[in-house]
Amino acid sequence: MSEVESVADSASPVAPKGKRTAETAILFEGVTKRFGQKVAVDKTSFRIKKGSVCGLIGPNGAGKTTSFSMMAGYLDPNEGMVQVLDYGPRQLDGLRGKLGVLPQDALLPASDRVGEFLLHMALLQGLPAQKAEQSARARLAEVEGVDWWNTRCGALSHGMAKRVAFAQAMLGEPEVVLLDEPTAGLDPRVAYEMRMLIKRLRGKCTVVISSHNLQELEQICDAAIVLDHGSVVAQGRMSELTAASSEVRITLKMSRRDQNGSVYRVPEGDLPMQALREIIGVTAVNFEADGSELVLNFDRKLAEAEVVIGCALSALLQRQMYISAVSKGRGLEARVMDLTD
Amino acid sequence: MKGILLTVFAVLGGFGVTMLAYWLFTIFIADKIAGTGVTYGSPEWQELKRKGFEEVLGVEQGGFFAQMPEALFAMFQITVWLTPLLVALMSFDAISAEMQHRSLRYWSVRCRKESLFLGKAFGQWSVVAIVWLILDLVVVIVTVARGQAPLGTCLLYAVRLWLFTLPTALVWSAWATLVSSAFKSPPLALFSILGLFFVLFVLRSVGDIWAAFQVAQEVKDAIAKGVENPVPTKHIRPLAYLYPNEYSDLMLSVRAGEFMKGLLPCLAYAAALLGLGSWSFRRREV
């Protein structure tokens, strides 16, 4: 729990406990969900701020789909409270038109035509007939499905159906959009376009994405909640979770060939450790020998990551070190692997 | 597609069974009146039929049935018996299939689940009503084309009989939708609906047998007390009234009081099931 508290601060898109404000889009307070004896979500609390793009992360069985389903009103918590825009997820009169959901495994009605389906969904959201059709056509165009208007949903491929389902989630102007595995099963080009679409939502509405694709979440989200065994193990800004704002990692090539062609390892003593420590803002320098990775921690109030990178590379090049890669932080994947079993 | 196929099969099957029942009836009657000099369909036959009905059902009720073309009466009985089967086949996947494929999740964030339940139940009921209306019209056309009754008479009885099937069809639809909403597997929902309908039928039979014993006992007691020609009081058969078709017989009455005794409990039965189904489906997780 200390980790949870340590990554969340008042500026975070994932608000800390006990600070419920008008800026809260989604609230989980002491939520528990059981399926028989199995506890899927255990006394979980978090808040997602309005306007943020937040990822729900965790291994299989972590409780992210259950949490997502409770946000969407598919499941009811056994204990605790779930609120979306200050309404219970089943208070449809208050939420109508404000909540868009892309469920993961829900099949589209096979006999409906795509246009009929989207129009029906838009009308149910309370849009007037003319605006409903405009919205349906516009959303379908955004997912490059203009030609599918008269196609039966049952005739769509998996990827096409996913895009139609995405379009229905975006109908009207929802304030909160919940996306469950939005790019699963899509080819790389379409997945990229979907990511771009989601990125364009930033600032317009609150987006919650449940996904296993951590690289994708790292690109799209500005905040994340990491779940494991039904509990939140970390939450906060993406840069904080990945330590991207206070850590620089430089991968070096430590093996070399001499004039005779035989391989040797550069001694660690050749590394300019003192010069690196003297960079303004740097608080610690460590070398992880197994990964040939140099880790520089710095105080982000004193220096920007880019400045630290520039100074560090300069010092390393002066010692004729071979540099393979440079990254800010460890990356979400490595962080999640640390946090979860 | 399933609805279209079932409609076609129901109309063709219903028509076929109606015509078969009507043909068997004419053979039976022809055999009964053989040698009496009366021919089937003649004015003498009509008079004989009227007297027979009046003797059993009373003047008003008997007169009503006596004027009804036999083919239409056969059709009415067939539709009453086929309604549970048609409803079961139409409704078993109304909600269960959407639960299985989670399609319901697209709707559940936009409209109340109780509205969805009621929409499904009334939707199934409307389909059954349309199917039986088509069958009615087909039988009317055939009856008129064969010169067995004038168009006006046929339409009058056909519309009335069709209206009589609607309340019981609503109860069957409510039962089927309620069961469908309780399962995520359509085959399981179908077997459960058919099983439930069979149980209701058995309960009706048990109710009938129980009532017959009660009547027999009452008559026996009256004779023992020296009452001549004892008339048993009507026994209420609580179990039998769980079977929706029980109400259709009451609704056939030409007396308003009797008719309402059939209609109102039937509507209350349907309302109770629709209320129970809406309530339970509202609480259901999707």
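Coordinates for the structure precede this section.
Since the structure is predicted, the reported quantities are computational estimates derived from the model, not experimental observations.

Draft legend 1. Looking closely at the sheet that holds strand β16 (residues 322–328) of chain A. Residue and element names in this part refer to chain A. Pairing is antiparallel across the open sheet formed by four strands, whose spatial order is β14-β15-β11-β16. Looking at which strands have only one partner, the edges of the open sheet turn out to be β14 (282–288) and β16. Here the strands of the sheet are splayed against their neighbours by 20° on average, with no regard to which way each runs. In this structure, strand β11 (residues 247–253) lies alongside β16, joined through six bridges in antiparallel fashion.

Draft legend 2. Geometry of the pattern of salt bridges. Under the defined criterion, the tally for this structure stands at 26 salt bridges over all chains. Between Glu285 of chain B and Lys33 of chain A there is a salt bridge, and its shortest N-O distance comes to 2.6 Å. Pair noted here: Glu285 of chain B is in the segment after α11 (256–283) and Lys33 of chain A is in strand β2 (residues 24–35), and the two residues belong to different chains. In this structure, Arg163 of chain A and Glu144 of chain A form a salt bridge, with 3.9 Å as the shortest nitrogen-oxygen distance. Of this pair, Arg163 of chain A sits in helix α6 (residues 158–169) while Glu144 of chain A sits in the loop between α5 (129–142) and α6, placing them 19 residues apart in sequence.

Draft legend 3. Structural detail: the interface of chain A and chain B. Counting residues at the interface gives 25 residues for chain A and 17 residues for chain B. Roughly 2000 Å² of surface becomes buried between chain A and chain B when both sides are summed, with 54% attributable to carbon and sulfur atoms. Contact with chain B buries surface across chain A, with Tyr74, Leu92 and Leu107 of chain A losing the most and accounting together for 29% of the total. Viewed at the interface, chain B and chain A are joined by three salt bridges. On inspection of chain A and its partner chain B, the count reaches 14 residue pairs in polar contact (both at pLDDT 80 or more). Secondary structure elements with two or more residues in the side of chain A that touches chain B: α3 (92–95), α4 (114–124) and α6 of chain A. Across the side of chain A that touches chain B, the residue classes tally to 15 nonpolar, four polar and six charged.

Draft legend 4. Spatial organisation of the packing of aromatic side chains. Going through the model one piece at a time under the given rule, you end up with 16 aromatic pairs over all chains. Summarising the aromatic geometry, the rings of Phe117 of chain A and Tyr106 of chain B are spaced 5.4 Å apart at their centres and angled 80° between planes, so their arrangement reads as edge-to-face. Of the two residues, Phe117 of chain A is situated in helix α4 and Tyr106 of chain B in helix α6 (residues 104–108); the pairing between them involves two chains. A residue is classified by how much of its surface remains accessible, and Phe117 of chain A, at 0% relative accessible area, is buried. Measuring from ring centre to ring centre gives 6.1 Å for Phe117 of chain A and Trp107 of chain B, while their planes differ by 65°; the resulting arrangement is edge-to-face. Of this pair, Phe117 of chain A sits in helix α4 while Trp107 of chain B sits in helix α6, which puts the two residues in different chains.

What counts and how
- Residues numbered from 1 in each chain as written.
- Chains lettered and ligands numbered in written order.
- Predicted model: local features only at pLDDT ≥ 70, side-chain atom pairs only at ≥ 80, totals over all residues.
- Heavy atoms only, no water.
- Pairing = 2+ DSSP bridges.
- Helix = DSSP H or I, 4+ residues; strand = E, 2+ residues; numbered from the N terminus.
- Axes fitted to C-alpha atoms, helices over the stretch in contact; angles between N-to-C directions.
- Salt bridge = Lys/Arg side-chain N within 4 Å of Asp/Glu carboxyl O.
- Contact = heavy atoms within 4.5 Å.
- Buried area = accessible area lost by both parts, 1.4 Å probe.
- Polar contact = N/O pair within 3.5 Å; in protein donor to acceptor, adjacent residues only side chain to side chain.
- Nonpolar A, V, L, I, M, F, W, Y, C, P; charged D, E, K, R; others polar.
- Phe/Tyr/Trp six-rings, centres within 6.5 Å; stacked < 30°, edge-to-face > 60°.
- Buried < 20%, exposed > 50% of the residue type's maximum accessible area, 1.4 Å probe, protein only.

In short, the description is geometric, and any link to function would need to be established separately.
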